[in-house]
Structure formats: structure tokens, C-alpha cells
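# Understanding the architecture of this molecule
Chain by chain, the residues run as shown.
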Amino acid sequence: MIATMKARTGRIPFIASWQPMIEEIFGKRESRRIVAGIKHHHQTYLKDAPPVRSRALRIHLQHSILPLLALYQSLLEAGFTREESLDTCQKLFFQTLEKQRRQQERLGKLPFAYSLYRWLVKPFMQIGFPDEGFEIEWVERSRERIAFNMHSCFYLNTLAQYGAPELAPI
């Protein structure tokens, strides 16, 4: 069964943490316009999103790709350059994920963390980054390194379809 995404009102991932940061960067008046644009674009993207078979890919699309794309489009429409918009998107997205980064850093300091991670990374990647959207070639899972080559990426492919492949590195 292929699930489609219905436009729904409600919470846009990250908007609660982005709003104060956008206001701090751009001021109250401009931030209202940018946030309204994000909401508008996000609803449109959700409504028009292509059907996606995989639950994991729907999560990537709904919780990462479309919110970031809506932010980027809103900044461009507000008159910011491509570079300014990309910089702002990266700054907001990374600040939003800072708490998770710190948690991962603390976990990484545990003596057994890497050994456990090394054995779990491939099965977790297969669940979270399924073959339908990602082509991953595993190169190494040793005591020194975990390495893989990504030959196809759902993020890049989807963002390219929306005309914004430049967002993929974020």
C-alpha cells in the first residue's frame, strides 16, 4: 500500500524552535512574514508530495526535507540571496539539532559506546535509510572506522525534484 501525505494543519517540525531564532536574526516584522511563508509552503509541499511507500522515507520527507525546503523558499521569497538563505537554513537547522548532538557526544564518551555503535549502525541504517531511497555501499566497520559510500540519496533526489539540490548538504 502506498500512503499519501495529506495536507494538514498543525505542527510543522522545528517551527517552535525556529521562530525565536528567526525573530532574533530578522526582527519581529520580517520574522512574521518568513514564518507565514514557511507555513504556507510546508502545507503546499505536504499536499503535493509524491506518494512514498516506505514509512522511513515518509518520516525523512515530512520531518526533515519539507520543513527545510519551506524555510529556504520562504527566505528566498523574502528577498534574501541564495547564499544568505542557505546560511540561515544551516544555522537554524544545526541549532535545532544541538541538543541531540550534545547527547550523542556524551554517549560517545562511554567506554563501550563505539563497540556497540559499530555493531548496530548497519541494521539501524537499513531501517532508517531503506534501499528504496538510499544506495549504500558498506566499506568498513572496524575497530578504527565506520565507512560507507552513498551512491543514491533520497534527500538529494527529492530536493533536486523541488529545484533545491543545494540544500542536500544541510
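Residues numbered from 1 in each chain as written. Predicted model: local features only at pLDDT ≥ 70, side-chain atom pairs only at ≥ 80, totals over all residues. Heavy atoms only, no water.

Moving on, we come to helix α4 (residues 82–96). The end-to-end C-alpha distance of α4, which contains 15 residues, comes to 21 Å, matching closely the 21 Å that a straight helix rising 1.5 Å per residue would cover. Of all the positions in α4, only S85, L86, T88, C89, L92, F93 and T96 are classed as buried. Down the axis of α4, the smallest arc covering the buried residues is 165°, so these residues share one side. Where α4 is buried, its residues contact α1 (15–26), α3 (55–77) and α5 (98–108). (Helix = DSSP H or I, 4+ residues; strand = E, 2+ residues; numbered from the N terminus. Expected span 1.5 Å × (residues − 1). Buried < 20%, exposed > 50% of the residue type's maximum accessible area, 1.4 Å probe, protein only. Arc of directions from axis to C-beta. Contact = heavy atoms within 4.5 Å.)

The subject of this paragraph is the confidence of the model for the chain. The predicted model of the chain averages 91 in pLDDT, with 94% of residues at 70 or higher. Every residue in residues 1–9 is under pLDDT 50, and counting partners more than four places away or in other chains gives 22 contacts. (pLDDT = per-residue confidence, 0-100.)

For the rest of this paragraph, the subject is a negative patch on the surface. A cluster of acidic residues, D131, E132, E135 and E137, forms a negative patch at the surface. Within the secondary structure, E137 is located in strand β1 (residues 135–141). (Patch = residues over 30% accessible without salt bridge, like charges linked within 9 Å, V, L, I, M, F, W, Y side chains within 5 Å. Areas by Shrake-Rupley, 256 points an atom, 1.4 Å probe, with all protein chains shown as cover. Salt bridge = Lys/Arg side-chain N within 4 Å of Asp/Glu carboxyl O. Lys, Arg positive; Asp, Glu negative; His and termini not counted. Charge placed at Lys NZ, Arg CZ, Asp CG, Glu CD.)

Another point: the packing of α1 against α3. Between α1 and α3, whose axes approach to 14 Å, the crossing angle comes to 20°. Relative to α3, the element α1 is oriented roughly parallel. Remark: the crossing between α1 and α3 carries right-handed chirality. Touching W18, I22 and F26 of α1 are P67, L68, L71 and L75, all from α3. Taken together, the residues of the contact of α1 with α3 break down into seven nonpolar, no polar and no charged. (Axes fitted to C-alpha atoms, helices over the stretch in contact; angles between N-to-C directions. Parallel < 35°, antiparallel > 145°, perpendicular 65-115°, else oblique. Left-handed = near helix turned anticlockwise from the far one by under 90°. Nonpolar A, V, L, I, M, F, W, Y, C, P; charged D, E, K, R; others polar.)

In the contact formed by α3 and α4, the axes pass within 9 Å of each other and the chain directions differ by 140°. The angle between α3 and α4 falls in the class oblique. Taken as a pair, α3 and α4 cross one another with a handedness that is right-handed. Residues S64, L68, L71, Y72, L75 and L76 of α3 lie in contact with α4, whose contacting residues are R82, S85, L86, T88, C89, L92 and F93. Residue composition of the contact of α3 with α4, grouped by class: nine nonpolar, three polar and one charged.

Below, the discussion takes up unusual backbone geometry. One non-glycine residue with positive phi stands out, namely F14, at about 80°. Looking at where F14 falls in the secondary structure, it is placed in the segment before α1.

Position of A70 relative to the elements: it lies in helix α3. On a C-alpha basis, the gap between A70 and G37 in space is 7.5 Å, while along the polypeptide they are 33 residues apart. Residues in contact with A70, not counting those within four places in the same chain, are I38, H41, H42 and Y45.

What follows deals with the side chain of H41. As for its placement among the helices and strands, H41 is situated in helix α2 (residues 28–48). Residue H41 is classed as buried on the basis of its relative accessible area of 9%. Within the structure, the side chain of H41 is placed 2.9 Å from the side chain of E77, a separation counted as a polar contact. Sequence-distant contacts of H41, that is, excluding residues within four places in its chain, are made with A70, Q73, S74 and E77. (Polar contact = N/O pair within 3.5 Å; in protein donor to acceptor, adjacent residues only side chain to side chain.)

It is worth spelling out a nonpolar patch on the surface at this point. Together, L107, L110, F112, L116, W119, L120, F124 and I127 line one region of the surface with nonpolar side chains, adding up to about 850 Å² of accessible area. Ranked by the residues each element gives to the nonpolar patch, the list is headed by helix α6 (residues 113–128), at five residues. Looking at the secondary structure, you find F124 in helix α6.

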